[in-house]
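So you can see what is in the structure, the chains are spelled out below.
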Amino acid sequence: MLIQPDPTFYPSAREAMRAPREGLAYVALLDTGGEGRPDGLATIDLDPESPGYGTVAGVHDMPVPGDELHHFGWNVCSAALCPYAPHPHVERRYLVVPGLRSSRVYIFDVKDDPARPKLVKTIEPETIFERTGYSRPHTVHCGTDAIYVSALGDVNGDAPGGVFMLDHDTFEPLGQWEADRGPQRLHYDFWWHLGHDTMISSEWGTPNMIEAGPDLGLLVGRKYGHKLHAWDLRKRTHLQEIDLGDQHQMALELRPSHDPTKTYGFVNTVISVEDLSANIFTWYLEDGAWKAKKTITIPAEPADPALLPEPLKQFGAVPPLVSDISLTLDDRILLVSAWGTGELLAFDVSDPLNPRQTGSVRVGGIAGRDAHPGTPGTARNGGPQMVEVSRDGRRAYFTNSLYRSWDDVFYPDGIAGWMAKADIGEDGSLALDPGFLVDFAADGRRPHQVRLQGGDSSSDSFCYP
Amino acid sequence: MDLTQVLVLAGFGAFHGLNPAMGWLFAVALGLQERSRRAVLAALPPIVLGHAGSVLVTLALVAAVRTSAPPKPVSYAVAALVCGFGVWKLLRRRHPRWVGMRVTGPQLAGWSFLMATAHGAGLMLLPVTLTGHDRAALALSGQTLAFAGVHTLAMLTVTATLAVVVYEKLGVSVLRRAWFNLDLAWAVALIGAGAFAALT
């Protein structure tokens, strides 16, 4: 119990931008060897004054193999300052780490030694199944009243997927969040506009549609998700669905404006079956209805078929496969990961319906295999994937692995894991830091989600502008 | 009602008004969301009414018991209730969770009623109201209204002042430093008030 609020809580995103620089990153490591080695939670030293800057400070192995750790989050965050359910004297000290493959959820305590998280609780898959009816937990967000976790499917790996809650004191699963899901079946990400009591959710596919790898039949048949859903956050009821168009397959990461008075946000669609492009849509509230408009198109890049994996040879082109996006806390710069083409792009989204590209850097890529400036001459594979931006909006950290069975299709030679950093200029330009490249090749596991100590641009939500 | 009672009731009113969880912060948040001071001010009446309602219900229930029960057992029962609630607040630190940012006036009043009740705002005042030997219903009713009125006036003054000063001058960044954890003080105040009822 604290006397003053946890110092990492900020009433507004504006103020969170003045937070001290991050000293550590937590990174999920995925084992792909399949020889009984567990996944890990790595800590990376981000303190430029430290001799260990840009190196792995430690790795905590999970107790059992086979979890496939995904988008972990904090027990509490700045949303604890919200006026209607205030509890500001709790500590941001636990990481809630979901295993997408195993449906297991781990709780790590990072308070005593932030570089060495301590496992304090494990929620077994059976408990999740029984209490929530869901499986495959994926994304964790700290809410005003509980920890919210998205789950991709039901206990059989079919639809519907949805959201369940964990008590933020005991970490016990509290059951399904939805009181009325309306037509919603597929699920992926969720986040909210706290100022408008609205949740937005997105669609990937059910576990049975994704676990064996991308299914070309489903893709060509436009069966993967392509809709957004708006929900009443208080009543837990479905309000509206927004169809982005079924050619835009897989609507993934949701980045609502951090300012609670604004009513827009951004979502990426991974691939268009018409032209292999990836797209960003802006959703917005107009005359009481939620709408979406395509605002960024990232086209496929022609490439020599000899350089391409089997499913892409016929096209002679590399799809950008945008798989993650991140929005700076001032709602100004949107970072976009094009995992297929190996490019990290930046857009000025001050005018959310008219984004303007401001930066680009390249590492890896299916055909490009671009080197990192820290190790020129060494071809890199994988591409910018999970991207996380520091609270001050000046540094983007990104890793190169997506999801095991999908990694293997697009990078069949096996992804060698790395984590890189790009500095973001005042004008939104990007520059790779040649002095920051964490190479996970020695460990052998692949990095995925990144969380920054104390909070980052996709960890906290705010009730004050 | 003597001067001590007025001071204690007003003091508790100020203490409750000071607590961000009792409403002024909600008023500020609604003002910021609408970018209007009018929204801050419009939120205050429902918040204060909800709080006053909770206090009045608590005091009135005990006053009703007093019309037909002997004073000593009532005092001891109140002492046990208030102390017990204080101890419970010490041990169980959960926060009420209801509504969101888009609230109507009645919802805001309901929220405030719930927050005051869950924190035992009325219970804290009970012991100081157990004086006097007049057990006539009419006299007790008048007294109860006066007690709740004094308390509410003090709560309103502090809440309104804080809401306007934070909205206009300080900004919500003040929360990071100045939002002291009042849970312990609150529990101690309850236990102290309960002990007072037992000893007098």
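It should be emphasised that the depicted structure is a prediction, and the values quoted were computed from it without experimental measurement. (Residues numbered from 1 in each chain as written. Chains lettered and ligands numbered in written order. Predicted model: local features only at pLDDT ≥ 70, side-chain atom pairs only at ≥ 80, totals over all residues.)

Residues and elements named next belong to chain A. Read across the open sheet, the four strands follow the order β26-β27-β28-β29; overall the sheet is antiparallel. Strands with a single pairing partner mark the edges of an open sheet, and in this sheet they are β26 (387-389) and β29 (430-439). Between one strand axis and the next, the sheet turns through 20° on average, direction left out of account. Relative to strand β28 (residues 418-424), strand β27 (residues 395-399) is paired through five bridges, and the arrangement is antiparallel. Among the inter-strand pairings, Ala-396 is bridged to a residue of β28, identified as Ala-422. (Pairing = 2+ DSSP bridges. Helix = DSSP H or I, 4+ residues; strand = E, 2+ residues; numbered from the N terminus. Axes fitted to C-alpha atoms, helices over the stretch in contact; angles between N-to-C directions.)

Further remarks concern the interface of chain B and chain A. Chain B puts 23 residues into the contact, and the matching count from chain A is 29 residues. If you tally residues by element for the side of chain B that touches chain A, the top one is helix α2 (residues 24-34) of chain B, at five residues. Grouping the amino acids of the side of chain B that touches chain A by side-chain chemistry returns 14 nonpolar, five polar and four charged. (Contact = placed C-beta atoms within 7 Å. Nonpolar A, V, L, I, M, F, W, Y, C, P; charged D, E, K, R; others polar.)

Moving on to the pairing of strand β14 (residues 227-232) of chain A. The side chains of a regular strand alternate between the sheet's two faces. All names here are of chain A. With five of six residues buried, β14 lies mostly within the body of the structure. Alignment of strand β13 (residues 198-201) against β14, held across four bridges, turns out to be antiparallel. If you follow Met-199 over to β14, its bridge partner there is Trp-231. Sheet topology note: the β14/strand β15 (residues 237-243) ladder contains six bridges and is antiparallel. (Buried ≥ 20, exposed ≤ 12 C-beta atoms within 10 Å, placed from the backbone.)

Moving on, we come to the UniProt feature "transmembrane region" (unreviewed entry) in chain B. All names here are of chain B. UniProt's feature table lists "transmembrane region" (unreviewed entry) at residues 6-32, 39-62, 74-91, 111-133, 145-167 and 179-199, given in the numbering used throughout. Structurally, residues 39-62 is divided into 100% helix and 0% strand, and its ends, taken at the C-alpha atoms, are 36 Å apart. Helix makes up 100% of residues 145-167 and strand makes up 0%, while its end C-alpha atoms are separated by 32 Å. (UniProt positions renumbered as here; feature names shortened; annotations may be inferred.)

On to the nonpolar core. Formed by 196 residues in total, the largest nonpolar core has its most connected members in Val-96 and Leu-335 of chain A together with Val-28 of chain B. Broken down by element, this core gets its largest block of residues, 12 residues, from helix α7 (residues 137-170) of chain B. Beyond its immediate stretch of four places on either side in the chain, Val-28 of chain B contacts Val-40, Ala-163, Val-166, Tyr-167 and Val-172 of chain B. (Core = buried A, V, L, I, M, F, W, Y, C linked by C-beta atoms within 7 Å.)

Here we come to the environment of Ala-179 of chain A. All names here are of chain A. Considering the arrangement of structural elements, one finds Ala-179 in the loop between β11 (173-176) and β12 (190-193). A sequence separation of 158 residues divides Ala-179 from Arg-21, and the C-alpha atoms of the two residues are 40 Å apart. Discounting chain neighbours no more than four positions away, the residues touching Ala-179 are Lys-235, Arg-236 and Thr-237.

It is worth spelling out the sheet that holds strand β6 (residues 105-109) of chain A at this point. Residue and element names in this part refer to chain A. Here we have four strands laid out as an open sheet, ordered β4-β5-β6-β7, and antiparallel in their pairing. With partners counted over all chains shown, the strands left at the sheet margins are β4 (73-74) and β7 (118-123), one partner each. Pairing analysis gives two bridges linking β4 to strand β5 (residues 94-98), with the strands arranged antiparallel. Note on β5: the bridge partner recorded for Gly-73 is Val-96.

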